[in-house]
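Remarks on the overall topology
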Amino acid sequence: GTGKTSIGESIARATGREFVRIALGGVRDEAEIRGHRRTYIGSMPGRLVRALRDAETMNPVILLDEVDKLGNDWRGDPSSALLEVLDPAQNHTFRDHYLDVEIDLSQVLFIATANIVDNIPAPLLDRMEIIRFDGYTLEEKTAIARDYLWPRQLRRNALHEGEVEISNPLLRLVIDEYTREAGVRQLERELGTLLRKTATSIALDPSAKIEIDEPSIRKALGRQKFFTEPAARVSVPGVATGLAVTGTGGDVLFVEVATMPGKGGLKLTGQLGD
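Residues numbered from 1 in each chain as written. Predicted model: local features only at pLDDT ≥ 70, side-chain atom pairs only at ≥ 80, totals over all residues. Heavy atoms only, no water.

**Observations concerning helix α8 (residues 185–204)**
- With 20 residues, α8 should reach 28 Å at 1.5 Å per residue; the first-to-last C-alpha distance of 29 Å fits that figure.
- Where α8 is buried, its residues touch α6 (138–156), β6 (164–165), α7 (168–178), β7 (210–211) and α9 (214–221). (Helix = DSSP H or I, 4+ residues; strand = E, 2+ residues; numbered from the N terminus. Expected span 1.5 Å × (residues − 1). Contact = heavy atoms within 4.5 Å.)

Listed below in C-alpha cells is the structure:
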C-alpha cells in the first residue's frame, strides 16, 4: 500500500513509454515466462512476448508485480527463467520457446515489486537494484488523504466537491485511531466507509451540506481500534519499554513488573532463549 505499482506507471508516463503490468503472484510454471513448446496442445508465447505484443513497442516499461510471490514445483522454476530476462548481459538474446527466435529485451525497462525481499531467490536478487520504500509518516498520510484519497472516494460514492468537508485534524484522527499500516490502503477503505454513511444522510436530506465531526466519525467507523499509549504507560512505576518490528512498521512494547507471594526462585518457560 505504499504505491510501488503506481510508481511504475508514473515512470512510464514520465519517460513517455508504454506501460505493461505482469502479475507474477502464484505463477509456478516456467513456461509462463519462456512460452510453451509448440508440441503441446494449447501452447502459446510467454507473458513477456505477450506484453511486448500488447505494448506494440520494443521499449516499454514492464512491471513485474509481486515477484516475491513466485511459486515453483515439478513443472519448473519461474524465478530461474527470470534470471535471463533481468540480466542485461544476456537478455538481448532471450529465446521464447513458442516463437523460437531471439528477442532483444535490452531496451525494456523492467521494474519488479515485492513486499518481502527475503522471499526472492539470491541469484535473482543479484540482478536487481533495490529501492526501498519507507512507510508513510502521519503528515504524509494526511497529505495523501487530502489530495488524492478523499477526492477519489467522493467520486466513487457519487458525491460532489464541497458537498462533504473534513478537516486535517479529523483526517489525523482516522489515521491514528483506525489504521495501523505502512501504506494507505486501509485508510482509503475507512474514508470510503465514512463517505458511504454520509452519502446515505445526504440522500435522505439533499439540501444538507454535511460537515464531518468526531461524533459522526465514531458513529460511522465504530469504536477506536488502535491506541497510542506510551506516555500514559511509562509514567507508571515498574514499566520498561522495548521496541518490536512488525509488518506495518513497528510498535512499542511495555514490559511490566509483577509481584506475587512465593518461596523465591524463578522458573523460565517457553521460547525465551538465553
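That was the structure; now back to the text.
**Regarding the nonpolar core**
- Ranked by internal contacts, the top residues of the largest apolar core, which has 26 residues, are L48, I62, L82, V85, L105 and F110.
- Of all the elements in the fold, those that place two or more residues in this core are β1 (19–23), α3 (47–55), β2 (61–65) and α4 (78–86).
- Leaving out residues up to four positions away in the same chain, F110 has contacts with L48, I62, L64, V85, L86, N91 and L105.
- Counting 25 residues, the second largest nonpolar core, distinct from the first, contains L149, W150, V164 and V184. (Core = buried A, V, L, I, M, F, W, Y, C linked by side-chain atoms within 4.5 Å. Buried < 20%, exposed > 50% of the residue type's maximum accessible area, 1.4 Å probe, protein only.)

**Digging into α6**
- Largest kink in α6: about 45°, centred on A145.
- Taken residue by residue, α6 has K141, T142, I144, A145, L149, W150, P151, Q153 and L154 as its buried positions.
- Residues of α6 that are buried sit in contact with β6, α7 and α8.
- Immediately downstream of α6, the backbone of A158 shows phi near 60°, a positive value. (Bend = angle between axes of the 7 residues up to and from the residue.)

**Description of a nonpolar patch on the surface**
- Side chains of I7, I131 and F133 sit close together on the surface and give an oily, nonpolar patch of about 290 Å² of accessible area.
- Within the element layout of this structure, F133 appears in the loop between α5 (122–125) and α6.
- A residue is classified by how much of its surface remains accessible, and F133, at 37% relative accessible area, is partly exposed. (Patch = residues over 30% accessible without salt bridge, like charges linked within 9 Å, V, L, I, M, F, W, Y side chains within 5 Å. Areas by Shrake-Rupley, 256 points an atom, 1.4 Å probe, with all protein chains shown as cover. Salt bridge = Lys/Arg side-chain N within 4 Å of Asp/Glu carboxyl O.)

**Here we look at the confidence of the model for the protein chain**
- Per-residue pLDDT for the protein chain has a mean of 87; in total, 97% of the residues score no lower than 70.
- Taken element by element, the predicted model of the protein chain shows its lowest mean pLDDT in helix α10 (residues 230–234) (71) and its highest in strand β5 (residues 109–112) (95). (pLDDT = per-residue confidence, 0-100.)

**So, the side chain of R34**
- Mapped onto the secondary structure, R34 falls in helix α2 (residues 31–34).
- Take R34: its relative accessible area is 16%, and that puts it in the buried class.
- Apart from the residues within four sequence positions on either side, R34 is in contact with G46, S80, A81, E84, F94, D96, H97 and Y98.

**Quick word on the sheet that holds β5**
- Overall, parallel pairing links the 3 strands, which are arranged β1-β2-β5 in an open sheet. Edge positions in the sheet fall to β1 and β5, since each has one partner strand and no second. Strand-to-strand twist in this sheet, taken as the mean axis angle between neighbours without regard to direction, amounts to 20°.
- Here 4 bridges tie β2 to β5, and the two strands are oriented parallel to one another. Within β5, the position partnered with V61 by the bridge is L109.
- Where helix α1 (residues 4–15) meets the sheet, it contacts β1, β2 and β5, and its direction lies at approximately 175° from that of β2.
- Strands β1, β2 and β5 of the sheet are contacted by α3, whose axis makes an angle of about 155° with β1. (Pairing = 2+ DSSP bridges. Axes fitted to C-alpha atoms, helices over the stretch in contact; angles between N-to-C directions.)

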